[in-house]
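Summary of the model geometry
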Amino acid sequence: MSADPATEAARRRTFAIISHPDAGKTTLTETLLLAGGAIHLAGAVAARGQARRTKSDWMKIERERGISVSSSVMMFEHDGMVFNLLDTPGHEDFSEDTYRTLTAADSAIMVLDAAKGIEPQTLKLFEVCRLRDIPITTFINKMDREAQDPFALLDEIHSKLAMDTAPMYWPAASGQRFAGMLDLTTDEFVPFKRLEAGEQGFASQERQKRGSADFLEGVSDDVRVELAETAELARDGLPKFDLQAFREGHLTPVYFGSALRRFGVLELLAGIGAHAPAPAAQKAIAKGVDTDIEPGDDRVTGFVFKIQANMDPKHRDRVGFFRVVSGRFKRGMTLKSAIGKSLNVHNPLMFMAQEREIADEAFPGDVIGIPSHGGLRVGDSLSENGDVSFKGIPNFAPEILKRVRVRDPLKQKHLRKALESLGEEGVTQVFRPVTGGDLVVGAVGQLQFEVLDERMKAEYGLEVMFETSPYQAARWISADSRADLDAFMEKSKMQMAEDVDGSPVFLGKSDWEIGYVLDKNPNIRFATRKERT
Ligand code: G4P
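My aim in this report is to walk through the structure given alongside it, one point at a time. (Residues numbered from 1 in each chain as written. Predicted model: local features only at pLDDT ≥ 70, side-chain atom pairs only at ≥ 80, totals over all residues. Heavy atoms only, no water.)

**Digging into the overall build of the chain**
Scanning the chain for helices and strands turns up 14 helices and 34 strands. Expressed as a percentage of its 533 residues, the buried residues of the chain come to 56%. Within the chain, residue pairs in contact and separated by at least 24 positions form 70% of the contacts whose partners lie at least 6 positions apart. Per element, the accessible surface of the chain, about 22,700 Å² overall, is 50% carbon and sulfur. (Helix = DSSP H or I, 4+ residues; strand = E, 2+ residues; numbered from the N terminus. Buried < 20%, exposed > 50% of the residue type's maximum accessible area, 1.4 Å probe, protein only. Contact = heavy atoms within 4.5 Å. Areas by Shrake-Rupley, 256 points an atom, 1.4 Å probe, with all protein chains shown as cover.)

What follows is the structure, encoded as structure tokens:
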């Protein structure tokens, strides 16, 4: 097989799954891995999670709350294509990890429960995808149960997400009457065969051609009539799939099925392979000049979108998740960061479904884990020459701000160091008030504080208390004129802070105050997002 980066990039699809809890993301992940031959037994994903959870004692909350805080990457092959599935934490509480993981995905699958449609978390994750115009493929799951009318579901997507919907298949009823689906492109019928519990493999691959003797064989008359009418309506009344509109994020192709019964999933995967984008060129600054880095470029480049600590609880290791943007990465390579740090990557990790392996090579779109003892930061760009920095790993303005105190007053310095180190890793954001005083930590979700609390105890031996902060909002500030910025910072000294990179941040006591200050200072920009470069 060719090892040329452009060819390898072209057969890769790097995607994430977004959904509201319980819509079926875990089950779909498992079914996809099964399709890729990456696992052989249904139930393996959950079982693996369980094994890991019992091992890692520091992440007690994972166990207590039965959730997986850490997200991971799964690689599998199917039909000559390589899929990198980036797992986002499936908890209602939101964390910055989710945002960051989505910055490394080229597209997303949005899973909806056919009985429930768009739920709050779907909407929130969708908005993050929209920020980057990530193309979205929709999978309407649980068709083996009573579903809402498919037209109503598509209408809801259209009105709530402001996106056209192009059904690729059309379902024949749902629940007990669910009979299969019609391929709207080829006009073939894919019959649904109910998998028995414990049964291996996939429910159906046999397609029935219209006009052939077996077309709609065994489908009851009422379902036939219903399918004929509704599929006709769908074909005439709903938008047709348009590759460009999909790629630009204006249209979502819609698939129907049941992850649990392994029905419709192969069709979904084929759709991702055929239409979802391969790794594309990424905007960067190289040697001070704006440029696009193409996947086929010879030199290896990429960025760290997430840091995970203690993946191996026996060691205090940290793993940086590095998404390759260009070139052919080989084990043992030295990569440099844009600020001159050099890293010899001896033991890069590749994440297969059930295990981690040492990666001998990786291509654009792949994610490798780079073990390090600190030093790597979320948003770091790494390259062979150390002269590339990618744009667009954003920090989001925290929605919750708290003050942190340590119970033992002698450990003040220790606290500062620990907070800064965990801040660099991106566990929470950390702000240093310029006039001194307690550090302020910020997060987009409450869960991040719990993770911070656990890790402070487990890794730094610090008992901390979170207290209400006088601030409720943070904004990164900038201005065209340095003098204007300095004047504002001087005037607002009591409410000024710096983030971990030293960028100036205005801490507001309320959204109202931010609005007021914004009005009074038209020459200052107050940003809710900071793109790290
Ligand atoms: P999540 O990761 O999005 O939170 O969802 P998950 O896959 O865990 O699925 C949530 C529940 O929905 C599970 O049931 C799962 O079995 C069920 N489910 C997923 N896909 C389908 C489907 O296509 N059809 C039907 N009928 N059910 C589906 P549970 O009772 O919560 O867990 P379990 O005891 O079955 O594992």
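**Details of the packing of helix H5 (residues 96–103) against helix H6 (residues 120–131)**
To characterise two packed helices, one gives the angle between the axes of the helices and the distance between these axes. Their axes nearest at 10 Å, the elements H5 and H6 cross at an angle of 40°. Taken together, the axes of H5 and H6 are oblique relative to one another. Handedness of the crossing formed by H5 with H6: right-handed. Facing Thr98, Tyr99 and Leu102 of H5, the residues of H6 in contact are Leu125, Val128 and Cys129. Residues belonging to the contact of H5 with H6 are distributed by class as follows: five nonpolar, one polar and no charged. (Axes fitted to C-alpha atoms, helices over the stretch in contact; angles between N-to-C directions. Parallel < 35°, antiparallel > 145°, perpendicular 65-115°, else oblique. Left-handed = near helix turned anticlockwise from the far one by under 90°. Nonpolar A, V, L, I, M, F, W, Y, C, P; charged D, E, K, R; others polar.)

**Notes on the packing of helix H11 (residues 412–425) against helix H12 (residues 446–460)**
Between H11 and H12, the least distance of the axes is 11 Å, while the angle of their chain directions is 120°. In terms of orientation, H11 lies oblique with respect to H12. The handedness of the crossing between H11 and H12 is right-handed. Packed against H11, whose contacting residues are His414, Leu415, Ala418, Leu419, Ser421, Leu422 and Glu425, the element H12 presents Leu452, Arg455, Met456 and Tyr460 at the interface. For the contact of H11 with H12, the residue count by class is seven nonpolar, two polar and two charged.

**Topic: the environment of asparagine 385**
Note that asparagine 385 resides in the loop between strand S23 (381–383) and strand S24 (388–390). Remark: the alpha-carbon pair of asparagine 385 and serine 337, spanning 48 residues in sequence, is separated by 8.4 Å. Those residues in contact with asparagine 385, other than ones at most four positions away along the chain, are Arg299 and Lys336. One polar contact links asparagine 385 to arginine 299, side chain to side chain, over a distance of 2.7 Å. (Polar contact = N/O pair within 3.5 Å; in protein donor to acceptor, adjacent residues only side chain to side chain.)

**Examining the pairing of strand S33 (residues 524–527)**
Only one face of S33 is covered, namely the one carrying Ile524 and Phe526; the face carrying Arg525 and Ala527 has none of its residues buried. Sheet topology places strand S30 (residues 473–479) next to S33; four bridges connect them, and they run antiparallel. Each bridged residue has a counterpart across the sheet, and for isoleucine 477 the counterpart in S33 is phenylalanine 526. (Pairing = 2+ DSSP bridges.)

**Here we look at the sheet that holds strand S13 (residues 289–293)**
Here we have three strands laid out as an open sheet, ordered S13-S12-S24, and antiparallel in their pairing. Strand pairing shows two members of the sheet lacking a second neighbour, S13 and S24, which therefore form its edges. Each neighbouring strand pair of the sheet contributes to a mean axis angle of 40°, computed without reference to strand direction. Of the pairings in the sheet, the one linking strand S12 (residues 282–286) to S13 comprises five bridges and is antiparallel in character. From the neighbouring strand, alanine 284 faces S13, where its bridge partner is threonine 291.

**A short note on the packing of aromatic side chains**
As enumerated under the stated definition, the model contains 17 aromatic pairs in all. Here the aromatic rings of phenylalanine 189 and phenylalanine 215 are separated by 6.5 Å at their centres, their planes lie at 80°, and the arrangement is edge-to-face. Taken as a pair, phenylalanine 189 in strand S9 (residues 188–191) and phenylalanine 215 in the loop between strand S10 (208–209) and helix H8 (221–237) lie far apart in primary sequence, 26 residues in all. Residue classification places phenylalanine 189 among the buried positions, given a relative accessible area of 0%. Judged by relative accessible area, which is 13%, phenylalanine 215 ranks as buried. Between phenylalanine 241 and phenylalanine 246, the ring centres sit 5.8 Å apart and the planes meet at 50°, which makes this aromatic pair tilted. A residue is classified by how much of its surface remains accessible, and phenylalanine 246, at 1% relative accessible area, is buried. A cation over an aromatic ring shows up here: lysine 306 above the ring of phenylalanine 321, its NZ or CZ 5.5 Å from the ring centre. Taking the ring centre of phenylalanine 449 as reference, the NZ or CZ of lysine 402 above it sits at 4.8 Å. (Phe/Tyr/Trp six-rings, centres within 6.5 Å; stacked < 30°, edge-to-face > 60°. Lys NZ or Arg CZ within 6 Å of the ring centre and 35° of its normal.)

**Re the site of the ligand**
Close to the ligand lie 16 residues; Asp22, Lys25, Thr26, Thr27 and Ser258 are nearest. Here an oxygen atom of the ligand and a backbone polar atom of glycine 24 are 2.9 Å apart. Here an oxygen atom of the ligand and a side-chain polar atom of threonine 26 are 2.4 Å apart. In the complex, the protein chains occlude 64% of the 700 Å² of accessible area that the ligand would expose alone. Looking at which element gives the most residues to the shell around the ligand, the answer is helix H2 (residues 25–35), with three residues. Split by residue class, the shell around the ligand holds four nonpolar, seven polar and five charged. (Near = heavy atom within 4 Å.)

**Considerations on the environment of glutamine 244**
Within the secondary structure layout, glutamine 244 lies in helix H9 (residues 243–247). Owing to a relative accessible area of 54%, glutamine 244 belongs among the exposed residues under this scheme. Linking glutamine 244 and proline 135, residues 109 residues apart in sequence, is a C-alpha distance of 9.9 Å.

**Observations regarding H2**
Buried residues dominate H2, accounting for nine of its 11 residues. Where H2 is concerned, the buried positions are Lys25, Leu28, Thr29, Glu30, Thr31, Leu32, Leu33, Leu34 and Ala35. Within two residues after H2, glycine 37 carries a phi angle of roughly 70°, on the positive side.

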